[in-house]
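Summary of structural features
Chain by chain, the residues:
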Amino acid sequence: MPEHANKKAYFVADTHFGAPPDSAAREADFERWLDKVKADGSKLFLLGDIFDFWFSYKYVVPRGFVRVLGKLAELADSGVEIHFFTGNHDMWVFDYLKKEIGIKTHTQPTEFEIDGKLFLVGHGDGLTNLNKSYNALKRVFASRLCQRAFAALHPWVGFSIATKWSRSSRRKGKKNIKKQCRPNEVLVFCKAKLQEKHYDFFVFGHCHRVENEAVGESSRYLVIGEWIENRNYAVFDGGEIEVRDFAKE
Ligand SMILES: [Mn+2]
């Protein structure tokens, strides 16, 4: 029997570490939460926008998040299987987390079988073609040319640009997230996927809201909230999956 049989699977997204307010306090809460995951979890899914901005340079590492990364390394070393999905804020992680910590990194929604249930898991941006201009912008940022150009900038310049970009997207606030997250996009995506095959659960982040709804005959889709105003996460115990708030525990 595997060491972690009968243990739980945890999901978290949109912690946006590095972004105000109080990133240090939010990171500290996250480290305490990771202790809980270590205690009774066998799998941890980081569903994107964990970092408000990240770029993996060849020789230098962005400043910050040392304790979070250390705690993730502790979990990985203790046998917790960790998956990182790139979000739109941290799509330039590349192989850094894989090489340093052993975290598997994914750039697309990916299937997992957990305790006999089939999951489709991802960040949740650009799931459909409902938002063509967003998808076009995402393709530019995902292009090798754009990444090489950014890598060639001095980090002082690159990070200034990224910080300004992030600040302006925060000023637009919830309107911006609403614009990126068409209200029924997750539902439209899940329904289309269920035409191809059966999934038990769909789990996404990105939209900074909580949803846990039935879709199709016997499936559920979840949008698992955020870690800025709340401390949302989802947990699957082998039977049920639910979204909780760590601040209320
Ligand atoms: Mn996002």
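What this report covers is the structure whose coordinates are included nearby. None of these values were measured; they are calculated from a predicted model. (Residues numbered from 1 in each chain as written. Predicted model: local features only at pLDDT ≥ 70, side-chain atom pairs only at ≥ 80, totals over all residues. Heavy atoms only, no water.)

**Quick notes on the sheet that holds strand 11 (residues 241–245)**
Where we set the bar: Two strands qualify as a pair provided that DSSP identifies no fewer than 2 bridges between them. Numbering of helices and strands runs from the N terminus, with a helix taken as a DSSP run of H or I at least four residues long and a strand as a DSSP run of E at least two residues long. For helices, the axis comes from a line fit to the C-alpha atoms of the stretch in contact; other axes are also lines fit to C-alpha atoms, and the angle between any two N-to-C directions lies between 0 and 180 degrees. Any two residues whose heavy atoms approach within 4.5 Å at even a single point are treated as in contact.
Spatial ordering of the open sheet is given by 4-3-2-1-10-11, a layout of six strands whose pairing is mixed. If you trace the sheet from one side to the other, it starts and ends with strand 4 (104–106) and strand 11, each paired once. Within this sheet the neighbouring strands show an average axis-to-axis angle of 20°, counted without direction. Bridging between strand 1 (residues 8–12) and strand 10 (residues 232–236) involves three bridges; their strand directions are antiparallel. If you follow Tyr 10 over to strand 10, its bridge partner there is Val 235. Contacting strand 1, strand 2 (41–46), strand 10 and strand 11, helix 1 (residues 23–40) runs over the sheet at an angle of about 140° to strand 2.

**What about the pairing of strand 6 (residues 117–122)?**
On a regular strand, one side chain projects to one face of the sheet and the next to the other, so that they alternate. Put simply, the rule reads: To sort residues, take the accessible area from a 1.4 Å probe on protein chains only and compare it with the maximum for the residue type: under 20% means buried, over 50% means exposed, and anything in between is partly exposed.
With respect to burial, strand 6 is a largely interior element, five of its six residues being buried. Bridge count for strand 5 (residues 110–114) against strand 6 is five bridges, and the pairing is antiparallel. Bridging from a neighbouring strand, Thr 110 pairs with Val 121 of strand 6. In sequence, strand 5 turns back onto strand 6 through a hairpin of two residues, with Asp 115 there showing a positive phi of about 50°.

**Regarding the nonpolar core**
Rules: What makes a nonpolar core is a set of buried Ala, Val, Leu, Ile, Met, Phe, Trp, Tyr and Cys residues whose side-chain atoms join them at distances within 4.5 Å.
The biggest cluster of nonpolar side chains holds 30 residues, and the ones touching the most others in it are Phe 30, Trp 33, Leu 44, Leu 46, Leu 72, Ile 82 and Leu 97. Elements represented by at least two residues in this core include exactly strand 1, helix 1, strand 2, helix 2 (66–77), strand 3 (81–85), helix 3 (96–101) and strand 10. Ranked by residue count, the leading element in this core is helix 2, at five residues. Trp 33 has contacts with Tyr 10, Phe 11, Val 12, Leu 44, Trp 227, Tyr 233 and Phe 246, leaving out every residue within four places of it along the chain. Phe 11, Phe 119, Phe 236 and Ile 241 belong to the second largest nonpolar core, which has 17 residues in total.

**Remarks on a nonpolar patch on the surface**
Our working definition: Residues enter patches when their relative accessible area tops 30% and they take part in no salt bridge; the joining distance is 9 Å for like charges and 5 Å for the nonpolar side chains Val, Leu, Ile, Met, Phe, Trp and Tyr. Methods summary: accessible areas were calculated by the Shrake-Rupley approach with a probe of 1.4 Å, and residue burial reflects only the protein chains presented. Any carboxyl oxygen of Asp or Glu within 4 Å of a side-chain nitrogen of Lys or Arg constitutes a salt bridge here.
A contiguous nonpolar surface patch, about 330 Å² in accessible area, is contributed by Trp 156, Val 157 and Ile 161. You can see Ile 161 is positioned in helix 6 (residues 155–180). The class for Ile 161 is partly exposed, based on a relative accessible area of 43%.

**Considering the coordination of the manganese ion**
Inclusion rule: Metal donors: N, O and S atoms at distances within 2.8 Å, or within 3.2 Å for Na, K and Ca, with water omitted from the atom set so that some sites may seem incomplete.
Surrounding the manganese ion are the protein donor atoms Asp 49 (OD), Asn 88 (OD1), His 123 (NE2) and His 206 (ND1), at 2.1 to 2.3 Å. The class for Asp 49 is buried, based on a relative accessible area of 2%. Residue His 206 is classed as buried on the basis of its relative accessible area of 2%.

**Here we look at the sheet that holds strand 8 (residues 210–215)**
The strand order 5-6-7-9-8 describes an open sheet built from five strands, whose pairing is mixed. Each edge of the sheet is formed by a strand with only one pairing partner; in this case those strands are strand 5 and strand 8. Pairwise comparison of adjacent strand axes, ignoring direction, gives a mean angle of 20° for this sheet. As judged from the six bridges shared by strand 8 and strand 9 (residues 219–224), these two strands associate in the antiparallel manner. Residue pairing in the sheet places Glu 213 in a bridge with Tyr 221 of strand 9.

**A closer look at the environment of Asp 90**
Cut-off, in case you're wondering: N or O atoms within 3.5 Å of each other form a polar contact, as long as, within protein, one can give a hydrogen and the other can take it, and as long as residues adjacent in sequence are counted only when both atoms are side-chain atoms.
Structurally, Asp 90 can be placed in the loop between strand 3 and helix 3. Reaching out from Asp 90, the side chain makes a polar contact with the backbone nitrogen of Asp 49 at a distance of 3.2 Å.

**What about the pattern of salt bridges?**
All told, the structure shown has 15 salt bridges when counted by the stated rule. Where Arg 32 meets Asp 29, a salt bridge forms, and the shortest distance between an N and an O atom there is 3.4 Å. With Arg 32 and Asp 29 both in helix 1 and three residues apart, this pair spans about one turn of that helix. The residue Lys 99 makes a salt bridge to Asp 95 at a minimum N-O spacing of 3.1 Å. For Lys 99, a relative accessible area of 66% corresponds to the exposed category. For Asp 95, a relative accessible area of 36% corresponds to the partly exposed category. Through salt bridges that share partners, Asp 35, Lys 38, Lys 71 and Glu 74 make up one connected network.

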